Amino acid sequence: DSPVSPAPARSERTVPPSGDPLVVLDRVNKHFGALHVLQDIDLTVARGEVVVVIGPSGSGKSTLCRTINRLETIDSGSITIDGRPLPAEGRELARLRADVGMVFQSFNLFAHKTVLENVTLGQTKVRKITREKAEQTARTLLDRVGVGGQADKYPAQLSGGQQQRVAIARALAMDPKLMLFDEPTSALDPEMINEVLEVMRQLARDGMTMVVVTHEMGFARSAANRVVFMADGRIVEEAAPDQFFSNPRSDRAKDFLSKIL
Ligand code: ADP
Ligand code: MG
């Protein structure tokens, strides 16, 4: 792709969120020893918004996701979700994790539990929903992601694409306010990528707030409200997908896109 129009005369951080903010990161910094892995990250995700995070390997994308559901602590700055600062521990933290669904590259389902149990467990344990109600919700969600017929199987009996859709159903079963996806299709065989992306597209259409780390640029173009480009622990650029892909402003983004498109 070559630039189709001259760069607009505005700064690189001007795309406003469309609704009220659900997630707000304010000058977040994080180190791993000497490595400054997140550097002054400012990011607001509006309710209902789909933000796709892209960038080279090692740029801090996974760490960013992990700080948002407090799998990683931060050194400075603040993160609020729905107006509340991230709790440090205890029951508040468990509730936060339930509010923030996360789907990783590896499917990480419970291997010794059935698909149905995988999607029921969090509901009964964390949300304190009755088993009967939880199973009803689980079956509805499994149908919705297209694996309703697999409820009584174990994860190893499913394809990678099916497992990942179960992982999405499991996260959705907690009725999260936000879904984080960290390269959910990177470990999948090519023919299974689309079935997972299609579930994510549907979720986006249904209005779920989503932060998605992915190398699937087709998904970014079609489903994102905004693309955030990270490099070396910083948000280098953020823009609407059309603008980002046709007219990246930073040299880092141009270089990255030239390698992957
Ligand atoms: P990305 O997801 O963009 O590939 P990551 O967030 O996984 O990047 O990693 C960013 C940098 O932080 C990398 O250099 C990585 O090696 C380093 N890193 C990630 N997790 C840890 C950790 N737990 N301890 C030390 N270094 C880490
Ligand atoms: Mg990563």
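Use the structure listed above.
This text gives an overview of the structure that appears in the document. Since the structure is predicted, the reported quantities are computational estimates derived from the model, not experimental observations.

1. Topic: the overall build of the protein chain
1) Next: When its secondary structure is counted, the protein chain shows nine helices and 10 strands.
2) Next: If you line up the protein chain on its principal axes, its C-alpha atoms span 55 × 40 × 35 Å.
3) Next: Long-range contacts, defined here as pairs at least 24 residues apart, represent 67% of the contacts in the protein chain between residues at least 6 apart.
4) Next: Carbon and sulfur atoms make up 49% of the accessible area of the protein chain, which totals about 12,100 Å².

2. Looking at the sheet that holds strand β1 (residues 21-32)
1) Next: Spatially, β2-β1-β4-β5 is the arrangement adopted by the four strands of the open sheet, whose pairing is antiparallel. Strand pairing shows two members of the sheet lacking a second neighbour, β2 (35-46) and β5 (84-85), which therefore form its edges.
2) Next: Bridge count for β1 against strand β4 (residues 76-81) is five bridges, and the pairing is antiparallel. Pairing of Asp26 across the sheet is with Ser78, part of β4.
3) Next: Along the sheet, helix α1 (residues 61-68) contacts β1, β2 and β4; its crossing angle with β2, the most-contacted strand, is approximately 60°.

3. Some points on the site of ligand 1
1) Next: Every residue close to ligand 1 is listed here: Phe32, Leu35, Val37, Pro56, Ser57, Gly58, Ser59, Gly60, Lys61, Ser62 and Thr63.
2) Next: Here Ser59 contributes a backbone N or O atom positioned 3.2 Å from an oxygen atom of ligand 1.
3) Next: The backbone of Gly60 places a nitrogen or oxygen atom 3.0 Å from an oxygen atom of ligand 1.
4) Next: The protein chains hide 58% of the 560 Å² of surface that ligand 1 would expose on its own.
5) Next: At the level of secondary structure, the elements contributing two or more residues to the shell around ligand 1 comprise β2 and α1.
6) Next: Considering every element that reaches the shell around ligand 1, the biggest residue donor is α1, with three residues.
7) Next: Taken together, the residues that form the shell around ligand 1 break down as four nonpolar, six polar and one charged.

Cut-offs applied
- Residues numbered from 1 in each chain as written.
- Chains lettered and ligands numbered in written order.
- Predicted model: local features only at pLDDT ≥ 70, side-chain atom pairs only at ≥ 80, totals over all residues.
- Heavy atoms only, no water.
- Helix = DSSP H or I, 4+ residues; strand = E, 2+ residues; numbered from the N terminus.
- Contact = heavy atoms within 4.5 Å.
- Areas by Shrake-Rupley, 256 points an atom, 1.4 Å probe, with all protein chains shown as cover.
- Pairing = 2+ DSSP bridges.
- Axes fitted to C-alpha atoms, helices over the stretch in contact; angles between N-to-C directions.
- Near = heavy atom within 4 Å.
- Polar contact = N/O pair within 3.5 Å; in protein donor to acceptor, adjacent residues only side chain to side chain.
- Nonpolar A, V, L, I, M, F, W, Y, C, P; charged D, E, K, R; others polar.

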